[in-house]
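Residue strings, one per chain:
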Amino acid sequence: MLTIMEALQKAAAYFARQGIPSARLDAEVLLAHVLELERIDLYIQHDRPLIKGEIDAYRQLLQERTKGVPVPYLTGRREFFSREFFVNPSVLIPRPETELLVEAAADWCKGLKAPLIVDVGTGSGIIAITLALLLPESKVVGVDVSAEALAVARRNADHHGAEVEFRQGDLLCPLQDLKGKLDAIIANPPYIAEGEWEELPREVQQEPALALLGGVDGLDFYRRLLLEGAAMLLPGGLLALEVGWGQADKVAAMAGDHWRVERTIPDYAGIPRVIMLTRRAG
Ligand code: GLN
């Protein structure tokens, strides 16, 4: 008979042998998921014996993890801005850096009366939903090209009781009726250069290429948002973008006459991660 603590130790050792970087943490999160417990409960109930069904389910997840499946796809959940969001392999797994983008965008919109905000490439809906909850007066629209992603986003919005309108389509195309009326466009677009795909960790390669790849140099979506975004915004309106390593300067350099670069925001590693631009009047 295997207890919780024994199962954990075995699993963590197995993961470590298989070269999984966060072996112990992953072992804990997956066992907590199988047992429908919080991680802390694994310690409180450390000598609880596991039944066969639980062990079988755990073993199955351990195997998938060693094949490179990220933990959030195995548990179906990931925390963002202290809320739990459903995820599956049709959406990008939320990253902590994206909280900086949401925070900066929410701050900027705070002074506005009933702002109209669009989250482009909403994926699991984390940005749109968090903004709608932080700014109850706002109207938020989430756009994605993927119907599968929008199904996840809608489920998340329902789960959190957030009022977000979701529309399917390419970038700003499904928003023509809102042309010139938006207060803010927020996006964490795909920004990996195509040639870098092979070098991505195998876990990242399990995420949708559609959510990761931004053309030959990774900057395609920034180019398009700068080109197509100005006409969508009110004068003075905000374009807030998450960017990859070394991309903030390149995006600023592409901004052109329609935009004023307000500021960039560094992430926890000191890398500029968010760039805030506003539409110049006229
Ligand atoms: N907006 C979602 C996120 O930030 C998805 C982004 C994407 O798929 N590139 O996680």
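Residues numbered from 1 in each chain as written. Predicted model: local features only at pLDDT ≥ 70, side-chain atom pairs only at ≥ 80, totals over all residues. Heavy atoms only, no water.

Peer 1: Could you give an account of the packing of helix H1 (residues 4–17) against helix H2 (residues 23–35), naming the residues involved and the relevant values?
Peer 2: Following both chains from N to C, one finds H1 and H2 inclined at 135°, their axes separated by 8 Å at the closest point. The angle between the axes of H1 and H2 places the two elements in the oblique class. As H1 runs across H2, the sense of the crossing is right-handed. Residues Ile4, Met5, Ala7, Leu8, Gln9, Ala11, Ala12, Phe15 and Ala16 of H1 touch H2, and the partners they reach there are Ala23, Arg24, Asp26, Ala27, Glu28, Leu30, Leu31 and Leu35. Partitioned by chemical class, the residues of the contact of H1 with H2 number 13 nonpolar, one polar and three charged. (Axes fitted to C-alpha atoms, helices over the stretch in contact; angles between N-to-C directions. Helix = DSSP H or I, 4+ residues; strand = E, 2+ residues; numbered from the N terminus. Parallel < 35°, antiparallel > 145°, perpendicular 65-115°, else oblique. Left-handed = near helix turned anticlockwise from the far one by under 90°. Contact = heavy atoms within 4.5 Å. Nonpolar A, V, L, I, M, F, W, Y, C, P; charged D, E, K, R; others polar.)

Peer 1: Give me the lowdown on the site of the ligand, citing residues and values where you can.
Peer 2: Residues in close proximity to the ligand include Leu92, Thr98, Gly121, Thr122, Gly123, Ile126, Ile127, Asn188, Pro189, Pro190 and Ala211, which together make up its full environment. For the ligand, a nitrogen atom lies 2.9 Å from a polar atom in the backbone of Asn188. Within the complex, 96% of the 290 Å² of free accessible area of the ligand lies under protein. Classifying every residue of the shell around the ligand by side-chain character gives six nonpolar, five polar and no charged. (Near = heavy atom within 4 Å. Polar contact = N/O pair within 3.5 Å; in protein donor to acceptor, adjacent residues only side chain to side chain. Areas by Shrake-Rupley, 256 points an atom, 1.4 Å probe, with all protein chains shown as cover.)

Peer 1: Provide a residue-level description of the pattern of salt bridges, including the pertinent values.
Peer 2: The tally for this structure, following the rule as stated, stands at 19 salt bridges. Across the pair Glu165 and Arg167 runs a salt bridge, and its minimum N-O distance is 2.7 Å. Note on Arg167: relative accessible area 16%, which makes it buried. The partner of Glu262 in a salt bridge is Arg260, and the shortest N-O contact between them spans 3.7 Å. Its relative accessible area of 41% is what places Glu262 among the partly exposed residues. (Salt bridge = Lys/Arg side-chain N within 4 Å of Asp/Glu carboxyl O. Buried < 20%, exposed > 50% of the residue type's maximum accessible area, 1.4 Å probe, protein only.)

Peer 1: For the pairing of strand S2 (residues 83–86), give the residues involved together with the corresponding values.
Peer 2: The two faces of a sheet get side chains in turn, since along a regular strand they alternate between them. Note: strand S1 (residues 77–80) against S2, four bridges, orientation antiparallel. Bridging across to S2, Arg77 finds its partner in Phe86. Remark: two residues form the turn of the hairpin made by S1 and S2, two consecutive strands paired antiparallel; Phe81 in that turn has positive phi of roughly 50°. (Pairing = 2+ DSSP bridges.)

Peer 1: Talk me through the sheet that holds strand S9 (residues 272–279); I want residue IDs and the actual numbers.
Peer 2: Taken together, seven strands build an open sheet; the order of strands is S5-S4-S3-S6-S7-S9-S8 and the sheet is mixed. Each edge of the open sheet carries a strand with a single partner, namely strand S5 (164–168) and strand S8 (259–266). On average, each strand axis in the sheet is tilted by 20° relative to the strand beside it, whichever way the strands run. For strand S4 (residues 139–144) and S5, the ladder comprises five bridges, and the chain directions are parallel. Looking at the pairing, Val143 lines up with Arg167 of S5.

Peer 1: Give me the lowdown on the packing of aromatic side chains, citing residues and values where you can.
Peer 2: The full count for this structure, using the stated rule, is three aromatic pairs. Ring centres 6.1 Å apart and planes at 50° place the aromatic pair Phe80 and Phe81 in the tilted group. A single burial state applies to Phe80 and to Phe81, both of which are buried. Their ring planes at 70° and their centres at 6.3 Å tell us that Phe80 and Phe85 sit as a pair that is edge-to-face. According to the relative accessible area criterion, Phe80 is buried, its value standing at 0%. Grouped by ring-pair contacts, the aromatic residues Phe80, Phe81 and Phe85 constitute a single cluster. Geometry around Phe86 places Arg155 over its ring, the cationic atom sitting 3.6 Å from the centre. (Phe/Tyr/Trp six-rings, centres within 6.5 Å; stacked < 30°, edge-to-face > 60°. Lys NZ or Arg CZ within 6 Å of the ring centre and 35° of its normal.)

Peer 1: Which residues make up the nonpolar core, and what values do they have?
Peer 2: Residues Ile117, Leu131, Val164 and Ile186 are the most contacted members of the largest nonpolar core, which totals 32 residues. Elements supplying a minimum of two residues to this core: helix H6 (98–109), helix H7 (126–134), helix H8 (147–160), S5, strand S6 (182–187), strand S7 (233–242) and S9. Discounting residues that sit within four places of it in the chain, Leu131 has contacts with Val102, Ala105, Ala106, Ile117, Ser138 and Ile186. (Core = buried A, V, L, I, M, F, W, Y, C linked by side-chain atoms within 4.5 Å.)

Peer 1: Can you explain the layout of surface pockets? Please cite residues and give values.
Peer 2: Rolling a probe over the atoms, with the probe sized like a water molecule, indicates the empty space that remains. Put simply, the largest pocket is a space of about 950 Å³. Around the largest pocket, the lining comprises 27 residues; the ones closest to its centre are Val29, Val71, Pro72, Arg77 and Arg78. At the level of secondary structure, the elements contributing two or more residues to the lining of the largest pocket comprise H2, helix H5 (71–75), S1 and S2. Element by element, the count of residues in the lining of the largest pocket is highest for H2, at five residues. Classifying every residue of the lining of the largest pocket gives 11 nonpolar, three polar and 13 charged. (1 Å grid on protein atoms, 1.4 Å probe; cavity = no way out; pocket = protein on both sides within 12 Å on 5 of 7 lines; lining within 4 Å. Points joined across faces, edges and corners; volume = space filled by probe spheres on them.)

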